Structure formats: structure tokens, C-alpha cells
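# Observations on chain architecture
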Amino acid sequence: MSGIRPMKFVHVVYRTRRFEQMVRWYETVFGAKVQYQNPALAFLTYDSEHHRFAFANLDILKPESSEKDRRGLVGVDHLAYTYASLKDLLENYEQLKAQHIKPYWCVHHGMTVSMYYADPDRNQMEFQVDCFASTEEANAFMEGPHFAENPIGVEYDPDDWLARLRAGTPPSEFLVRRIHEPVSPIRGSFAS
Ligand SMILES: [Fe+2]
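Only a predicted model underlies this, so the values are computations on that prediction, with no experimental measurement involved. (Residues numbered from 1 in each chain as written. Predicted model: local features only at pLDDT ≥ 70, side-chain atom pairs only at ≥ 80, totals over all residues. Heavy atoms only, no water.)

A separate point is the overall build of the protein chain. For the protein chain, the count of helices and strands is seven helices and nine strands. Here the C-alpha coordinates of the protein chain stretch approximately 50 × 35 × 30 Å along the principal axes. Counting over 192 residues, the protein chain shows a buried share of 49%. Counted over contacts in the protein chain with a minimum sequence separation of 6, partners at least 24 positions apart contribute 66%. Carbon together with sulfur atoms contributes 54% to the accessible area of the protein chain, which is approximately 9700 Å² in total. Placing the 21 positive and 26 negative side-chain charges of the protein chain at their respective mean positions leaves the two points 4 Å apart. (Helix = DSSP H or I, 4+ residues; strand = E, 2+ residues; numbered from the N terminus. Buried < 20%, exposed > 50% of the residue type's maximum accessible area, 1.4 Å probe, protein only. Contact = heavy atoms within 4.5 Å. Areas by Shrake-Rupley, 256 points an atom, 1.4 Å probe, with all protein chains shown as cover. Lys, Arg positive; Asp, Glu negative; His and termini not counted. Charge placed at Lys NZ, Arg CZ, Asp CG, Glu CD.)

This paragraph deals with the coordination of the iron ion. For the iron ion, the full set of protein donor atoms is His11 (NE2), His78 (NE2) and Glu126 (OE), at a range of 2.0 to 2.2 Å. Ordering the donors of the iron ion by residue number gives the pattern H-x66-H-x47-E. Of this pair, histidine 11 sits in strand β1 (residues 8–16) while glutamate 126 is found in strand β8 (residues 124–130), placing the two residues 115 residues apart along the sequence. The class for glutamate 126 is buried, based on a relative accessible area of 2%. (Donors = N, O, S within 2.8 Å, 3.2 Å for Na, K, Ca; no water.)

This brings us to empty space enclosed by the protein. Evaluated as defined, the whole model comprises one cavity of 30 Å³ or more. Roughly 240 Å³ of volume is contained in the largest cavity. Taken together, 19 residues line the largest cavity, and the ones lying closest to its centre are Val13, Leu41, His78, His109 and Tyr116. Among the secondary structure elements, those contributing two or more residues to the lining of the largest cavity are β1, β3 (41–45), β4 (53–57) and β5 (75–82). (1 Å grid on protein atoms, 1.4 Å probe; cavity = no way out; pocket = protein on both sides within 12 Å on 5 of 7 lines; lining within 4 Å. Points joined across faces, edges and corners; volume = space filled by probe spheres on them.)

Moving on, we come to the pattern of salt bridges. A complete count under the given rule lists 11 salt bridges for this structure. Between arginine 164 and aspartate 160 there is a salt bridge, with the nearest N and O atoms lying 2.9 Å from each other. Placement of the pair is arginine 164 and aspartate 160 together in helix α6 (residues 158–166), with a separation of four residues, close to one helical turn. Owing to a relative accessible area of 37%, arginine 164 belongs among the partly exposed residues under this scheme. Each of the salt bridges in this network shares a partner with another, and the network as a whole consists of Lys87, Glu91, Glu94 and Arg166. (Salt bridge = Lys/Arg side-chain N within 4 Å of Asp/Glu carboxyl O.)

Shown next as C-alpha cells:
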């Protein structure tokens, strides 16, 4: 059992072939506003969280298969939980690893440092820590050039980070994304 628990549940990401329709539906039903959108991805929120919903456009990201409703591609990509600190996120990683539960993707999104896990049914979830102390800073990052340049993220090695954190490197050194390349592929169900 892991002794470290998430602080809060924060968002859900859907994969869709009805990208514009989906964005409009969530705007209408939740009074959500688009925080960032490009042809492949859209991030929406209805409160002080930087995003409550995101949509991945399969027509752009997986154009080779076009069945509108095939489960496994269309549907929930992941649910996300926020941890209180980078230390919590990395120590939880280590505790789970000792029980042979490992993330399939460790990526620095810019506004969050994230680890993605899959449960035994392959439902995907993101464990994350916020990079910015305020919503204003997170929103500014999502509206800025580095997010437009790389809205997916840059991969990192959690063992290396945990070792360096324990050796005294301050968390801010990891939380501020200073390199924006290479753009990571989206891992998990997208890869299969
Ligand atoms: Fe996410």
C-alpha cells in the first residue's frame, strides 16, 4: 500500500473524432472556456484549475483509422490526480515501483510534471504536480510560446530526479521547464 495520497482529482482527457462538436458541448454544458486549442488538442476549464477537460483529436493524431465510435480509441484517455509536492510524486513512484507498479510515461508538460499509470484493465491515469504556484502563471504558460511549441511535453527519468532531489537540488529546478525539445510522443493507448 502506498502511504502517499493525491491531494485532489483534477481533470479528464477524451480522445474523439468529433473534436469541434465535443469542445462546443463541454463549453455549453459546463460553461467551460477554451484555455488553449490547436487542431490536435484542446484544453478547457470552468474554474481556477488550468484545465478540467482536454480533447485529443483522433482525426489528426490517428488519421489512419476512421471508425467514429471504436472503443479503445474514442473515449476516455486518462483521469488526472494532483499530488501535494514533487517529493510526494517521486516518493510515491518509488513506493509503487517496489510493488512492481511502474508508470508507462514520465513527461514534463510545462504546467505539470506528470507520470502516467495504467490499472490492470489498462485504464490510464495521470499523477501530477503543478509547476506554478498560481493559476495565473499556469494560464500564462499555456498561452505562451513554449506551450505552443510543445503542448505535449519532454520526457524525464524519475529515478534520476529522485536521486537529485534527495541530494539537495531544490524542486524549482525540476518544476520550471527549461528545455522544450524533443516533443515526446503521446504514450499509452495512442501507441497501441
Ligand atoms: Fe492530463
